[in-house]
Amino acid sequence: MMRLAALVIFINIVSLSEAQHEPGYCVFYDECGRNPLLNNTLIDPIVPCLNYTRAKLVTGDHYKILKQVCPMFDQGESSTYACCTIKQLGSLEKSLTLSKAVLVRCPSCAYNFAHLHCINTCSPNQSQTVKVTRVMNVTEQNRTREAVLGYQAFIGKTFADTSFQSCKNVRIPATIGGYAIATMCGRYGSKLCTPQRWYDFQGDSSNGLAPLDIDFKIIQEGDTTGLPEGVIPYNGVALMCNETTPTGGDVCSCQDCQESCPSVLPPSPVAGPFTLLGTNGYLVISIILLILLILSFVLYLSVSCDKVTEKIIHPSEVTCAETNSLAAQAYLSSQFRIWGTIMASYPLTVLLLSLIVVAVLSVGLKDIKLTTDPVELWSAPNSRARQEKEFHDTYFDPFYRTNQVILTAPGRKSHIYDSLLFGPQNFSGIMSKELIIELLELQTRIQNIQFWSDDLNRTASLKDVCFAPLNPNNPSLTDCAVNSLPQYFQNSLDHINAKVNMTELGVTKEVDWRDHLIYCLGSPLSFKDITDLGMSCMADYGAPVFPFLAVGGYEDDAFSSAEAFILTFSLNNYARSDPKFKVAMQWEKEFLKIVQEYQKDPKNSFTFAYMAERSLEDEINRTTAEDIPIFMISYAVIFVYIAVALGEHSSWKRLLVDSKFLVGLGGILVVACSVLASMGFYSWIGIPSSLVILQVVPFLVLAVGADNIFIFVLEYQRDVRRPHETREEQIGRVLGNVAPSMLLCSLSESVCFFLGALSTMPAVKSFALYAALAVLMDFALQMTAFVALLSLDARRQDNNRCELLCCIKVSKQRPKKPNKGFLMPFMKKYYAPVLLHRYTRIIVIVVFIFMFCGALFLMMNVKVGLDQELAMPQDSYMLTYFQYLNKYFEVGVPVYFVTKKGFNFTSVEGMNAVCSSVGCDQFSLTQKIQSYVAIPANSWVDDFIDWLNPQSKCCRLYTNGPNNHFLNEKTGLICAKRCLARPDNDTVRPTVAQFNRYLPDFLTNRPDLQCSKGFVFGLGAYDKAVVRDESGEIIASRFMAYHTPLTNSQEFTAALKMARELADKITQGMRLVPGTSPDFEVFPYTYVITYVFYEQYLTIVNEGLFNISLCLLPTFVVCCLLLGLDLRSGLLNLLTIVMIVVDTVGVMTLWSIDYNAVALINLVTAVGISVEFVSHMTRSFALSTKPTRVERAIEATAKMGSAVFAGVAMTNLPGIIVLAFAKAQLIQIFFFRLNLVITLLGMAHGLIFLPVVLSYFGTYIIFLWVLYV
């Protein structure tokens, strides 16, 4: 028997070697049956019969089919010869159909691909290009014949290279920009694919498509080395991708063929930094301004005469404006004196009425709404982003909820795996079987989460809330979209452990999970790998897992060198009113619990970061609750300071009598009542509050209120009761002296905030409204309740009764002389004279000019944005997750380009304006998107056209069923016809009727092997991407792409700006298509709130300038009006406040405080606090009767400066310092750092710069009035 087998083999070898290679002859002909060596193939492996014979003349149906499948052989029906039968042509067409389905977007590529295989199978000169290398007897229908199981195909290098070049850039839109050739080059993928590797894969029978082994030999022209005698390598004409096909096919599109791309002007270079004289332009301007200001000051000093006394002006020289100013001051003082006397005379009645008013307004707190949604806080309802989000959420499901774990294994060494198929491959330390199995165990544990749901009234699990793209209505656990590396093994431990011996090129070696993984990471769309393992790469839920969703931390697509595993569970994003929203939240809570338990397990091998969709909200709420005690301590410290600092402390025996504990408590209560009244009123009328309001408004009102309290109380303590003057009259007179100043500041701040409410940003608008009313209420309560409270306290003090223990009296009498305290004498004797010394003043002006110019330069370099990490406490697990996300993720957030109603997708012009395949416009929607984003958009229009293409087997109709029903599943009715006839030019475009008929079928087409691109079509990919109305018109659709990785708010903002510019260009181009509505629009939309949140940073600089300018205007106007049209005082006031704001922004740059909406609110607050530092001093200077400006400045600094220092600076600083211990980074940066900067700069400008400026440029109107009177 063995001898017989040996004889047969010998005869076969001899016969093969004797075969002649000459024109007009075949080496095989007809079909012998299935290849007995192949199993589990994707198509039947039908092999040809060995038959050295002349080529046959083809006629009739044989000719028609040959002309359709292999048109390059057509020489006319009477002159066309071929080496293939009708059956062979049918098998060839079937085989080509599966491959051409991914290549048909480029007709010249598809033509070249068919050309190659037609030459091998049907060429009339087959024997000249093919050498049979292996045959075997095959029995089919009781007939045994010699079948060809392998052959060599000789191809010229020019033909091979041109064919490859025409195909290498053809894309598969639904695979997020993937290349078709990646699925046709085996282990090498698209990046390492070459012509030889491309042909090798096509000829490898283990790929599930090739019915036999084909050894492609690419021969350089003129090289005959090793060629069998008579063999002539085929070197016919291969088409370039920018050429039309002989059958009328158009050139390939720009997206699939770089040579087809139109020549366009290069984009305008990005504007570089502003420069002057070859250096930073802002620095040059700041230096020039510094020099000009200093020279101007020097010039002023040189021409002015700083006299000891000023010229005495005769009353007749007083102008009308000056007279009005004096009259305004006198009128305000007299009115407040009367008011104060009345309030002090009926303290209990006033307190009761004040309490009633506050209580009535505070009742509104029962209806308070606290806004925590970032969308509602930072985006105006009528903003573009909000309107786009509303449109998207109306027509499309919200983006699914992401729950993710990013795992690393630091410290594990990488190793080189010498693969039989792929050669030496570097595997990182984390790429080990035991870690993959451990990851699978964690994944399985999470997948099996179960819990009781009150909303469902049963036990709930992942399948109740998961995103299941291919079975959304009744999913099982395996239908849930879980993206991870074990999905390449269908989450099967058996698949991971599988291994088999395999022979390749005469070398036998074991292949295992590593070979399968290498292949799948390069070809995630494959149903079968090229190893003898024969396993699929598709996930168990039926879709591909793209490598950037499974691994991270790699370079240049070296996926096996990845440093991280990525495990992602996707849940449906239900509306908050949907009962399943709570179920999803519960599942995420259980998810976090399991992951945290796993992290604490000492046996786990990973270092990892994790997050759930709810994590951001959870962590913000946690830190808010934890930092409430910090704010309470801060206010307590301020209260203790006020209570202590307001006391007179003339003698330890009168300590309890002269203390002002109750007055300090009353001042705090006045602030609290004003805030409560403001919040209650706005809650009553339906304006929501926010955490920013709760944190900032009390601080602001406390700063304003404490300052006024100190000014009032210290003025009363320093005053001596006049003869025959009652206590109530004294309080009224003191109030008349200080209340105009208090009114000046409070009215300036309140008007400032009311104007700030014109802001379009909801958080800024609501803050401004709440702050404006709170400041007004604070002033009103100080003029009423606090005056009454001070009257009661003064009565107690006059009777020498102890505070808190009113029944106890002390014998020690109150001193007759006024109590000036410690601070006022110190400032009058030491601080003011030193500050206002001739040389000190010059130094101060120069230093502050330098500070201002330096701050101007720094202000131009302040970073705009708010990174989401800052919203987290320092001990939050989310900070680690953000670090891992930025380090290991290789793509950014997904972005949709959404089309609105008004575009006719059913017309040929409409399809061409959108698609990117053959026949499409060069500047279509998808072509433009490709030129901007990291990963091109998937296009339902392109894939719909490909799905309809008669050269694919995707769209078929029953011919023996009722009404030609659509065939989308395997059924008994296997007789099917193409949905569309083959077009003459290979450019498939359905008619309007065909478009409307087949689109619903396309969108609901469940993936199967019948359509080789089925897993990227229809259900799961596009079923939610197209929205049609009852008439069938498309009223909304979307095209998804991906941004590049974005790591900070500046990059997110730039991406938003770029996406909008791109969408505007797309809109303009599509509006030119006939029949398009003039209001048709395309807009970008991305994950959850990304664009909605970052939109503010496109306009926040202008928004800030607008708001701060509105705040500065009333400070100037009110100051001028209340000082009787005193323009000079108003301008000096304004100048100092501007300098404080500019210097604050400059220090923000130095201290890494970004400019954003929270910072803007604090800067608006800074204007209000600056008014307190500045306006009191300005008015005190104007009221002084000293003969020179320097003396008036000394008096104002000592008298009012001491009160401002004690009331504003020392009130704020202790409370601010306490905030440094808060856990939330937002509070540390924007409430501790920024408020500390505001307070220190306000104090420096108000108590150092302003007195010096007033000593040079201050008004003298009030001095004239004294002389005049």
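The text that follows walks through the structure, step by step, so that each part is easy to find. Since this is a predicted model, take the numbers as computed values, not measurements. (Residues numbered from 1 in each chain as written. Predicted model: local features only at pLDDT ≥ 70, side-chain atom pairs only at ≥ 80, totals over all residues. Heavy atoms only, no water.)

1. Notes on the overall build of the chain
Inference 1: Of the regular secondary structure elements, the chain holds 37 helices and 32 strands.
Inference 2: Counting only residues that meet the buried cut, the chain has 57% of its 1269 residues in that class.
Inference 3: Here the analysis covers contacts within the chain between residues at least 6 apart in sequence; of these, 74% occur between residues at least 24 apart.
Inference 4: Here the chain displays about 52900 Å² of accessible surface, and carbon together with sulfur accounts for 59% of that area. (Helix = DSSP H or I, 4+ residues; strand = E, 2+ residues; numbered from the N terminus. Buried < 20%, exposed > 50% of the residue type's maximum accessible area, 1.4 Å probe, protein only. Contact = heavy atoms within 4.5 Å. Areas by Shrake-Rupley, 256 points an atom, 1.4 Å probe, with all protein chains shown as cover.)

2. Describing the state of the cysteines
Inference 1: Going through the model one piece at a time under the given rule, you end up with 13 disulfides.
Inference 2: A sulfur-sulfur separation of 2.0 Å characterises the disulfide bridge that pairs Cys185 with Cys193. What sets the handedness of the Cys185 and Cys193 disulfide is the S-S torsion sign, and at about 90° it is right-handed.
Inference 3: Residue Cys185 is classed as buried on the basis of its relative accessible area of 2%.
Inference 4: On the accessibility criterion, Cys193 (9% relative accessible area) is buried. (Disulfide = S-S within 2.5 Å.)

3. Here we look at the packing of helix α17 (residues 615-645) against helix α25 (residues 877-888)
A packed helix pair is summarised by two numbers, namely the angle formed by the two axes and the spacing between the axes.
Inference 1: The interhelical angle for the contact between α17 and α25, taken along N-to-C directions, is 140°, at an axis separation of 10 Å. Comparing the axis directions of α17 and α25 gives the class oblique. Along its contact with α17, which presents Ser615, Leu616 and Glu619, the element α25 presents Tyr877, Met878 and Phe882. (Axes fitted to C-alpha atoms, helices over the stretch in contact; angles between N-to-C directions. Parallel < 35°, antiparallel > 145°, perpendicular 65-115°, else oblique.)

4. Structural notes on the environment of Ser1037
Inference 1: Within the secondary structure, Ser1037 sits in strand β31 (residues 1034-1042).
Inference 2: Given a relative accessible area of 0%, Ser1037 falls into the buried group.
Inference 3: For the pair Ser1037 and Tyr395, spaced 642 residues apart in sequence, the C-alpha separation works out to 8.7 Å.
Inference 4: Setting aside residues no more than four positions away along its own chain, Ser1037 makes contact with Phe396, Phe897, Val898, Thr899, Phe905, Trp940, Ala1025 and Val1026.
Inference 5: Of note is the side chain of Ser1037, whose polar atom sits 2.6 Å from the side chain of Thr899. (Polar contact = N/O pair within 3.5 Å; in protein donor to acceptor, adjacent residues only side chain to side chain.)

5. Let's talk about the nonpolar core
Inference 1: By size, the foremost hydrophobic cluster in this structure holds 163 residues, and its most contacted members are Trp198, Ile446, Val551, Phe565, Trp587 and Phe591.
Inference 2: Per element, the largest residue contribution to this core is 10 residues, and it comes from helix α16 (residues 579-600).
Inference 3: Each residue touching Phe591, except ones within four places of it in the same chain, is listed here: Asn403, Gln404, Val405, Ile446, Ile449, Phe569, Met611 and Ala612.
Inference 4: Counting residues in hydrophobic clusters, the runner-up holds 157 residues, among them Val692, Val787, Ala788 and Phe848. (Core = buried A, V, L, I, M, F, W, Y, C linked by side-chain atoms within 4.5 Å.)

6. Digging into the side chain of Ser916
Inference 1: By the secondary structure assignment, Ser916 is in the loop between α26 (908-912) and α27 (925-930).
Inference 2: Not counting chain neighbours up to four residues away, the residues in contact with Ser916 comprise Arg105, Ser253, Gln255, Asp256, Ser924, Thr926, Gln927 and Asp942.

7. Focus: α17
Owing to its 3.6 residues per turn, the α-helix brings residues three or four apart onto one side.
Inference 1: Counted at 1.5 Å a residue, the expected span for α17 with its 31 residues is 45 Å, and the 45 Å between its end C-alpha atoms agrees.
Inference 2: Along α17, the largest kink reaches about 30° and is centred on Asp627; proline Pro629 follows within four residues of it.
Inference 3: Residues Ser615, Glu619, Thr623, Asp627, Ile630, Phe631, Ser634, Ile638, Phe639, Tyr641, Ile642 and Ala643 constitute the buried set of α17. (Expected span 1.5 Å × (residues − 1). Bend = angle between axes of the 7 residues up to and from the residue.)

8. Some thoughts on a nonpolar patch on the surface
Inference 1: Residues Leu352, Leu353, Ile356, Val360, Val363, Phe681, Trp684 and Ile685 make up a contiguous nonpolar surface patch of roughly 730 Å² in combined accessible area.
Inference 2: A total of 4 residues in the nonpolar patch trace back to one element, the largest contributor, which is helix α10 (residues 347-362).
Inference 3: Inspection of the secondary structure puts Phe681 in helix α19 (residues 661-684).
Inference 4: Phe681 sits in the partly exposed class, given a relative accessible area of 32%. (Patch = residues over 30% accessible without salt bridge, like charges linked within 9 Å, V, L, I, M, F, W, Y side chains within 5 Å. Salt bridge = Lys/Arg side-chain N within 4 Å of Asp/Glu carboxyl O.)

9. What to know about the packing of aromatic side chains
In this description, an aromatic ring pair is defined by two values, namely the gap between the centres and the angle between the planes.
Inference 1: Taken as a whole and assessed by the stated rule, the structure comprises 50 aromatic pairs.
Inference 2: Here Phe113 and Trp198 contribute two aromatic rings whose centre-to-centre distance is 6.1 Å and whose plane-to-plane angle is 45°, an arrangement assigned as tilted. Here Phe113, found in helix α4 (residues 107-122), pairs with Trp198, found in helix α7 (residues 195-202); they are 85 residues apart in sequence, far enough to count as distant. Across the pair, Trp198 and Phe113 agree in class, each one buried.
Inference 3: Each ring, one from Phe944 and one from Phe995, has its centre 5.2 Å from the other, and the planes form 90°; the classification is edge-to-face. In this pair, Phe944 sits in helix α28 (residues 940-948) while Phe995 sits in helix α29 (residues 992-1003), placing the two residues 51 residues apart along the sequence. (Phe/Tyr/Trp six-rings, centres within 6.5 Å; stacked < 30°, edge-to-face > 60°.)

10. Here's the deal with the pairing of strand β6 (residues 143-156)
Inference 1: The buried fraction of β6 amounts to 10 of the 14 residues, a majority that puts the element mostly inside the structure.
Inference 2: Relative to β6, strand β5 (residues 130-140) runs antiparallel, the two sharing 10 bridges. Each residue of the ladder has a partner; that of Lys131, found in β6, is Gln152.
Inference 3: The turn linking β5 back onto β6 is made up of 2 residues, and Gln141 within it adopts a positive phi angle of 55°.
Inference 4: Summarising the sheet, β6 and strand β9 (residues 213-219) pair through 7 bridges and their orientation is parallel. Residue pairing in the sheet places Gly156 in a bridge with Ile219 of β9. (Pairing = 2+ DSSP bridges.)

11. Some words on unusual backbone geometry
Note: most residues except glycine have negative phi, and most peptide bonds are trans.
Inference 1: In the Ramachandran plot, Asp30 falls in the positive-phi region, its phi being about 70° despite a non-glycine side chain.
Inference 2: Among the structural elements, Asp30 can be located in strand β1 (residues 25-34).
Inference 3: Of note, the phi angle at Gln141 is positive, near 55°, even though the residue is not glycine.
Inference 4: Here Gln141 is to be found in the loop between β5 and β6.

12. Considering the pairing of strand β32 (residues 1082-1086)
Inference 1: Counting buried residues along β32, 5 of its 5 residues qualify, which places the element largely inside the surrounding structure.
Inference 2: Relative to β32, strand β25 (residues 894-899) is paired through 5 bridges, and the arrangement is antiparallel. For Val898, the partnering residue across the bridge sits in β32 and is Phe1083.

13. Description of the pattern of salt bridges
Inference 1: Tallied over the entire structure, the rule returns 25 salt bridges.
Inference 2: As a salt-bridge pair, Arg384 and Asp1064 come within 3.6 Å of each other at their nearest N and O atoms. With Arg384 in helix α12 (residues 384-395) and Asp1064 in helix α30 (residues 1049-1070), this residue pair connects regions lying 680 residues apart in the sequence.
Inference 3: We note a salt bridge from Asp719 to Arg733, for which the minimum N-O separation is 2.7 Å. Highlighted residues: Asp719 in the loop between α20 (691-718) and α21 (727-756) and Arg733 in helix α21, separated in sequence by 14 residues.
Inference 4: Taking relative accessible area as the criterion, Arg733 reaches 8% and is therefore assigned buried.
Inference 5: What you see here is one network of salt bridges that share partners, running through Arg384, Glu388 and Asp1064.

14. Observations regarding the environment of Ala468
Inference 1: By secondary structure assignment, the location of Ala468 is in the loop between β17 (458-461) and β18 (482-483).
Inference 2: For Ala468, a relative accessible area of 4% puts it in the buried group.
Inference 3: Discounting chain neighbours no more than four positions away, the residues touching Ala468 are Pro475, Asp479 and Cys480.

15. Re the packing of α10 against helix α22 (residues 762-798)
Inference 1: Two elements in contact, α10 and α22, have axes separated by 9 Å at closest approach and are oriented at 145°. Taken as a pair, α10 and α22 cross one another with a handedness that is left-handed. Two secondary-structure elements touch here, α10 through Pro347, Leu348, Val350, Leu351, Ser354, Val358 and Leu361 and α22 through Met777, Leu781, Thr784, Ala785, Ala788, Ser791, Leu792 and Arg795. (Left-handed = near helix turned anticlockwise from the far one by under 90°.)

16. Focus on the side chain of Ser748
Inference 1: Within the element layout of this structure, Ser748 appears in helix α21.
Inference 2: Other than its neighbours up to four places away in sequence, Ser748 contacts Leu743, Pro1114, Thr1115, Val1118 and Val1171.

17. Quick notes on the environment of Ser678
Inference 1: One can find Ser678 in helix α19.
Inference 2: Relative accessible area serves as the criterion here: at 1%, Ser678 is assigned to the buried category.
Inference 3: Separated by 314 residues in sequence, Ser678 and Gly364 place their C-alpha atoms 9.4 Å apart.
Inference 4: Here Ser678 is in contact with Leu769, Tyr770, Leu773 and Ala774, once residues within four sequence places are set aside.

Any functional reading would require information beyond the geometric quantities listed.
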